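Chain by chain, the residues:
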Amino acid sequence: MALIGNREYYKGIGDINFEGKDSSNPLAFKFYDPNLVVAGKTLREHFKFAVAYWHSFCGQGTDPFGLPTQSFLWDSSKDPLQAAKDKADAAFEFITKMGFEYFCFHDFDLIQEGSTMLESEKRLLYISDYISEKQKKSGVKVLWGTANCFANPIYMNGAATNPEFNILARAGAQVKLALDTTIALNGENYVFWGGREGYMSLLNTDMKRELDHLGQFLTISRDYARSQGFKGTFFIEPKPMEPTKHQYDFDTATAIGFLKEYGLEKDFKINIEVNHATLAQHTFQHELTVAASSGMLGSIDANRGDYQNGWDTDQFPNNLYETTEAMLVFLQSGGLQGGGVNFDAKIRRNSTDIDDIFHAHIGGADNFARAIINADKILSSSKYLELFENRYKTFDSGKGKEFENGKLNLKDLYDIALKSKDYKLTSGKQEMFENILNQFI
Ligand code: XLS
Ligand code: NI
Ligand code: NI
């Protein structure tokens, strides 16, 4: 029985089950069978699907041009404490009906911010007690928590990179409370997404000083969390822009360079969001590959962009090609380190029925399930891997191997080149690789 709260918010919708690809029931998984074992793990274990509190229970269909289109029953109480409990009831009802085990949150998704820091702290304690009880009853867990240091007007010039110290300190207080809340809810990880950590114009920005401040801010945040017993991983979530013109955590490569510069690479990994990758002019697969190459593929914010426009549309993932290519990287790198797949996605402004949020998550989960099943078949029963590895076979032995092992200097390369006469124009076989992908999709 899915209903965990006192009243049912998603009336008329029962538990979402796996019914297989021939099912005509729109409220059933067609491909996501949580217990299906692929490459040695169940799909549930591979993905750890999480619901994003902000999009699913707070976002009401607003856009920069329009007022809310979705009104939620759980928002009806004028008392912020009651409203937060109602929202938690709705969230737990939804998550358990979906059969998912995780959610992700910002501090003030859980409860409305107070007018002072102390009031906010009281409110967060109040709601985390309530949510912890619900976690005990339902088994629902926190994949990661984070602090919203971007919505409040005081952060218009940045949070940890604000040119004024007292605003930075205020962001620090907020991160402390968000960490306390994450720890109280047994959160497995903690995210930093630097929405306002960047610049609008370099004419008025001391970039080096702001980056030093960010490095120091993350260092003391980590130290505080560790001193409170937090064992999880910290994630940086790169995004190139929006809301700032230029965000400091532009993409995965930039974020990894930053973490290494400030000595944070042991505690931090990367949370990759699909639409942020495409905003940075990269593919999702590219970002996963960069993170995996440094052993820093931590978590995924699953969504998709729109190829006809240039902002973060946060649509639910449904691009099977894109996700299958991503799952090739995912499987080959051994999956996510500590994280999971968080649906950081929102239904469209004109999706106003109570079941739309179910269709969205069902589609997202089915998309990932299909993609990993395909990717596993490509890796285990096609010539893909052999062809892939074959491109590098001249480094497997002889002089190539010596080069890889650091045994050759530049003069050695010169001597080898003098002796080489014929250079073969070896095909990259891209079209054949593409056909393999197509065959298994
Ligand atoms: C916004 C980000 C944000 C983070 C959490 O673009 O995706 O939602 O995931 O702060
Ligand atoms: Ni995100
Ligand atoms: Ni986003």
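Not measured: the values here are computed from a predicted model. (Residues numbered from 1 in each chain as written. Chains lettered and ligands numbered in written order. Predicted model: local features only at pLDDT ≥ 70, side-chain atom pairs only at ≥ 80, totals over all residues. Heavy atoms only, no water.)

This part covers the overall build of the protein. Regarding its fold elements, the protein presents 16 helices and 14 strands. A globule of 441 residues ought to have a C-alpha radius of gyration of about 22 Å, and the protein, at 24 Å, matches this closely. Dimensions along the principal axes, computed over C-alpha positions, put the protein at roughly 80 × 60 × 45 Å. By the burial criterion, 50% of the 441 residues in the protein qualify as buried. Across the protein, the fraction of contacts at a sequence separation of at least 24, relative to all contacts at a separation of at least 6, is 76%. Put simply, the protein shows about 21400 Å² of open surface, and 53% of that area lies on carbon and sulfur atoms. Of note, the protein has its 47 positive side-chain charges centred 4 Å away from the centre of its 59 negative side-chain charges. (Helix = DSSP H or I, 4+ residues; strand = E, 2+ residues; numbered from the N terminus. Rg over C-alpha atoms; globule rule 2.2 N^0.38 Å. Buried < 20%, exposed > 50% of the residue type's maximum accessible area, 1.4 Å probe, protein only. Contact = heavy atoms within 4.5 Å. Areas by Shrake-Rupley, 256 points an atom, 1.4 Å probe, with all protein chains shown as cover. Lys, Arg positive; Asp, Glu negative; His and termini not counted. Charge placed at Lys NZ, Arg CZ, Asp CG, Glu CD.)

Our focus in this paragraph is the sheet that holds strand 5 (residues 50-52). Reading around the circumference, 5-6-7-8-10-12-13-14 is the order of the 8 strands in this closed barrel, with parallel pairing throughout. Strand-to-strand, the axes of this sheet are offset by a mean angle of 30°, without reference to chain direction. Running over the sheet, helix 6 (residues 165-184) touches strand 6 (102-106), strand 7 (141-146), strand 8 (189-192) and strand 10 (233-236) and is turned about 155° from strand 8. (Pairing = 2+ DSSP bridges. Axes fitted to C-alpha atoms, helices over the stretch in contact; angles between N-to-C directions.)

Bringing the side chain of E322 into the picture now. Relative to the elements of secondary structure, E322 occurs in helix 11 (residues 320-332). If near-sequence neighbours (up to four positions away) are discounted, E322 is found in contact with V274, R304 and Y307.

With that out of the way, let us pick up the pairing of strand 10. Alternating positions in strand 10 separate into two faces, T233 and F235 on one and F234 and I236 on the other, with burial throughout. Bridging between strand 8 and strand 10 involves 4 bridges; their strand directions are parallel. From the neighbouring strand, Y190 faces strand 10, where its bridge partner is F234. Pairing of strand 10 with strand 12 (residues 268-273), which is carried by 3 bridges, proceeds in the parallel orientation.

This brings us to the site of ligand 1. Within the structure, ligand 1 sits among W54, H106, W144, W193, E237, K239, E273, H276, D301, D312 and D344. Contacts to ligand 1 include E273, whose side-chain N or O atom sits 2.7 Å from an oxygen atom. A distance of 2.8 Å separates an oxygen atom of ligand 1 from a polar side-chain atom of D344. In isolation ligand 1 has 290 Å² of accessible area, and contact with the protein removes 93% of it. Split by residue class, the shell around ligand 1 holds 3 nonpolar, 2 polar and 6 charged. (Near = heavy atom within 4 Å. Polar contact = N/O pair within 3.5 Å; in protein donor to acceptor, adjacent residues only side chain to side chain. Nonpolar A, V, L, I, M, F, W, Y, C, P; charged D, E, K, R; others polar.)

This part covers the coordination of the nickel ion (ligand 2). Here the nickel ion (ligand 2) is held by the protein donor atoms E237 (OE), E273 (OE), D301 (OD) and D344 (OD), which lie 2.0 to 2.1 Å from it. Around the nickel ion (ligand 2), the 6 donor atoms sit at angles spanning 81 to 176°, and that spread fits a shape best called octahedral. Positions of the donor residues of the nickel ion (ligand 2) along the chain correspond to the pattern E-x35-E-x27-D-x42-D. Distance-wise, the nickel ion (ligand 3) is placed 4.1 Å from the nickel ion (ligand 2), both being coordinated by E273. Remark: D301 occurs in strand 13 (residues 297-301) and E273 occurs in strand 12; sequence separation between them is 28 residues. On the accessibility criterion, E273 (2% relative accessible area) is buried. (Donors = N, O, S within 2.8 Å, 3.2 Å for Na, K, Ca; no water. Tetrahedral: all angles 85-135°; square planar, octahedral: opposite > 155°, others 65-115°.)

Now for unusual backbone geometry. The omega angle of the peptide bond from E242 to P243 is 15°, so this bond is cis rather than trans. Here P243 shows up in the loop between strand 10 and strand 11 (246-247). A positive phi angle, close to 45°, is found at K48, a residue other than glycine. One can find K48 in the loop between helix 1 (43-47) and strand 5. Unlike most non-glycine residues, D314 shows phi in positive territory, near 50°. Within the element layout of this structure, D314 appears in the loop between strand 13 and helix 11.

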